[in-house]
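Results of the structural survey
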Amino acid sequence: MRLGRRALLVATLSAAVSGAALVPSALPAPRSPAPPPRPGAAAEVGPATGPVSRLPVARVEAIEVVVVNEIARRGIPGLSLAIGHEGELVFANGYGFADIENFVSARADTVYRMASLSKTITAVVALQLAEKGRLDLDAPARRYCPAFPEKRWPLTPRQLLGHQGGIRHYRDGERPMTRRFGSTEEALDLFKDDPLEFEPDTGILYSTYGYTLLGCVIEGAAGRPFAEVVREAVFLPAGMTRSQPDDVRPLIPNRARGYTRDGQGLLVNSDLADTSYKVPGGGLSGTAPDLARFGLALVSGALLEPESWAAMRTLQRTRGGQDRGHGLGLVLEEHDGTTEVWKDGGQAGVSTMLYLGAGEGPVVAVLANHEGVGMPLLSLARRVAQLVVADPDAAR
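Conventions we followed
- Residues numbered from 1 in each chain as written.
- Predicted model: local features only at pLDDT ≥ 70, side-chain atom pairs only at ≥ 80, totals over all residues.
- Heavy atoms only, no water.
- Helix = DSSP H or I, 4+ residues; strand = E, 2+ residues; numbered from the N terminus.
- Buried < 20%, exposed > 50% of the residue type's maximum accessible area, 1.4 Å probe, protein only.
- Contact = heavy atoms within 4.5 Å.
- Areas by Shrake-Rupley, 256 points an atom, 1.4 Å probe, with all protein chains shown as cover.
- Polar contact = N/O pair within 3.5 Å; in protein donor to acceptor, adjacent residues only side chain to side chain.
- Phe/Tyr/Trp six-rings, centres within 6.5 Å; stacked < 30°, edge-to-face > 60°.
- Expected span 1.5 Å × (residues − 1).
- Disulfide = S-S within 2.5 Å.
- Core = buried A, V, L, I, M, F, W, Y, C linked by side-chain atoms within 4.5 Å.
- Pairing = 2+ DSSP bridges.

1. Describing the overall build of the chain
Scanning the chain from N- to C-terminus turns up eleven helices and 13 strands. The proportion of buried residues among the 396 residues of the chain is 58%. In the chain, the proportion of contacts linking residues at least 24 apart, taken out of those at least 6 apart, comes to 70%. About 16300 Å² of surface is accessible on the chain, with carbon and sulfur atoms providing 50% of the total.

2. Side note on the side chain of Thr-287
By the element assignment, Thr-287 lies in the loop between strand S9 (284-286) and helix H9 (288-300). On the basis of relative accessibility, which here comes to 1%, the residue Thr-287 falls in the buried class. Of note is the side chain of Thr-287, whose polar atom sits 3.1 Å from the backbone nitrogen of Asp-290. Apart from the residues lying within four places of it in its own chain, the contact partners of Thr-287 are Ala-108, Asp-109, Thr-110, Val-111, Arg-242 and Leu-367.

3. Thoughts on the packing of aromatic side chains
Ring pairs (aromatic) are described by centroid distance and by the angle formed between their planes. Taken as a whole and judged by the stated rule, the model has six aromatic pairs. For the pair Phe-191 and Tyr-209, a centre-to-centre distance of 4.9 Å together with 10° between the ring planes defines the contact as stacked. A residue pair is termed long-range when its members are at least 10 positions apart, and Phe-191 in the loop between helix H5 (184-187) and helix H6 (208-222) and Tyr-209 in helix H6 qualify at 18 residues. For the pair formed by Phe-191 and Tyr-209, the shared burial category is buried. Three or more aromatic residues link up through ring pairs in this structure, and these residues are Phe-148, Tyr-170, Phe-181, Phe-191, Tyr-209 and Tyr-277.

4. Quick notes on helix H11 (residues 376-389)
Spacing of three or four residues puts side chains on the same side of an α-helix, whose turn is 3.6 residues. Across its 14 residues, H11 extends 21 Å between first and last C-alpha, which sits within 8% of the 20 Å expected from 1.5 Å per residue. Taken across its 14 residues, H11 has ten buried, putting it largely inside the fold. Looking only at H11, the buried set comprises Pro-376, Leu-377, Leu-378, Leu-380, Ala-381, Arg-382, Val-384, Ala-385, Leu-387 and Val-388. Here the buried face of H11 lies against helix H2 (57-74), strand S2 (78-85), strand S10 (331-335), strand S11 (338-347), strand S12 (350-357) and strand S13 (363-368).

5. A short note on the state of the cysteines
Here a disulfide denotes a covalent bond joining the sulfur atom of one cysteine to the sulfur atom of another. Taken as a whole and judged by the stated rule, the model has one disulfide. Through a disulfide, Cys-145 is tied to Cys-216; the S-S separation comes to 2.1 Å. The disulfide joining Cys-145 to Cys-216 has a torsion of about 90° about its S-S bond and is therefore right-handed. With Cys-145 in the loop between helix H3 (117-131) and helix H4 (157-161) and Cys-216 in helix H6, this pair connects stretches of sequence that are 71 residues apart. Judged on exposure class, the residue Cys-145 and its partner Cys-216 are both buried.

6. Things to note about the nonpolar core
One recurring pattern in soluble globular proteins: nonpolar side chains tend to sit buried together. Judged by nonpolar contacts, the single largest core of 80 residues is most densely connected at Ile-121, Ile-167, Leu-213, Val-234, Phe-294 and Met-312. No other element matches the nine residues that H6 contributes to this core. For Met-312, the contacting residues outside a window of four places in its chain are Thr-120, Ala-123, Val-124, Leu-127, Leu-298, Leu-304, Gly-327, Leu-328 and Leu-330. Grouped together as the second largest cluster of nonpolar side chains are 30 residues, Phe-91, Ala-368, Ala-385 and Val-388 included.

7. Structural notes on the environment of Thr-110
Relative to the assigned elements, Thr-110 resides in the loop between strand S4 (104-105) and strand S5 (112-113). Separated by 132 residues in sequence, Thr-110 and Arg-242 place their C-alpha atoms 9.4 Å apart. When sequence neighbours within four positions are dropped, the list of residues in contact with Thr-110 reads Ser-80, Ala-98, Ser-105, Asn-254, Ala-256, Gly-286 and Thr-287.

8. A few points about the sheet that holds S9
Strand order in the open sheet formed by three strands is S5-S9-S6, with antiparallel pairing between adjacent strands. Across the chains shown, the open sheet's two edge strands, defined by having one partner strand only, are S5 and strand S6 (244-245). Where S5 lies against S9, two bridges are found, and the strand directions are antiparallel. In the strand pairing of S9, Arg-113 is matched with Ser-285.

9. Regarding the environment of Leu-354
Here Leu-354 shows up in strand S12. By relative accessible area, which is 3% here, Leu-354 ends up buried. Residues Leu-354 and Met-114, 240 residues apart in the sequence, show an inter-C-alpha distance of 9.7 Å. In contact with Leu-354, other than residues within four places in its own chain, are Leu-117, Leu-291, Phe-294, Trp-342, Lys-343, Val-363, Val-364 and Ala-365.

10. Overview of the pairing of S13
The element S13 is extensively covered by neighbouring structure, given that six of its six residues are classed as buried. Where burial is concerned, the two faces of S13 agree: the one with Val-363, Ala-365 and Leu-367 and the one with Val-364, Val-366 and Ala-368 are both buried. As defined by bridge partners, S2 adjoins S13 across six bridges and the pair is classed as antiparallel. Paired with Ser-80 across the two strands is Leu-367, which belongs to S13. In the sheet, S12 pairs with S13 via five bridges, with the strands oriented antiparallel. Paired with Met-353 across the strands is Val-366, a residue of S13.

Structural data, given as structure tokens:
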């Protein structure tokens, strides 16, 4: 018997809000009603994506059981999942709550912060500019971003893409941040005067600030603000109608609230955060269907030439041959004899995953409004991808 949506929601809620300050006495309807008309100050977004299911019933049942069990196991308040396969969106749905305090159900089109999935999108923009001859990935970054001071050694866009540029990562007190930055160049002020951690191409240091610098490089190469470039280069051609820079000020329909756990394990609201200081590396927002569409466009060649897509999936090694599993804006990892491609993200209020498999199978996007979930989302996405192509009888 197929597991009903209300049963799924009840199972999710009972695990997610255990220990919360207030548990609602009555459950809301499994699906939220249609959103009200947008106020005049609302952000400019495209049409919503409702629940989507183009898979056999047995596969849907198996997928939803796995998803709900994982939500209960991890105590996740709300989660949205989308699957792309064979060139189309084949499944999208939401589970649990996007906003517990106001009893708002998570939906397929709930908007979450993408966190570091933003890096993959930024990498695509950089590679597109390189294809057009407007950006030399191996030229000094200062050629395109003169606001970044000269350092002891030059560093290149390619090194920034692969986390080998020597730019530092966060320091204590730098996240979450509530200060608003008005531009990519202004965000450089956080780190531009600091020395490099090492000579570029001799070490590896994961750095969101490196992608902030890359955003400045992209603006210099394109001659336009980063938000305009990414919208034209990625969002529009990929059909990402609900994606935009994350901004705490506009009214964004269906935006999720973020949660975490305190020292006693109680569910609490996440800290306030303004991500304007790291838009290219962790400051975009969107929906699970948008990210699944992005994955489909990426693997199909709709966004990049084959050579550029291959470059993204090439392990980046230092001069001395070291690597930490980074491609260009992606993570490469061996699993069961296959090189998998994926990107994870995490920041105040969210945990995110975009799973591309071996670059030819199902694409799975998972967005959750609970920070710190981490690698269990990779296992979940991988299992969902397996179920998409499994024999329907075996998936029961």
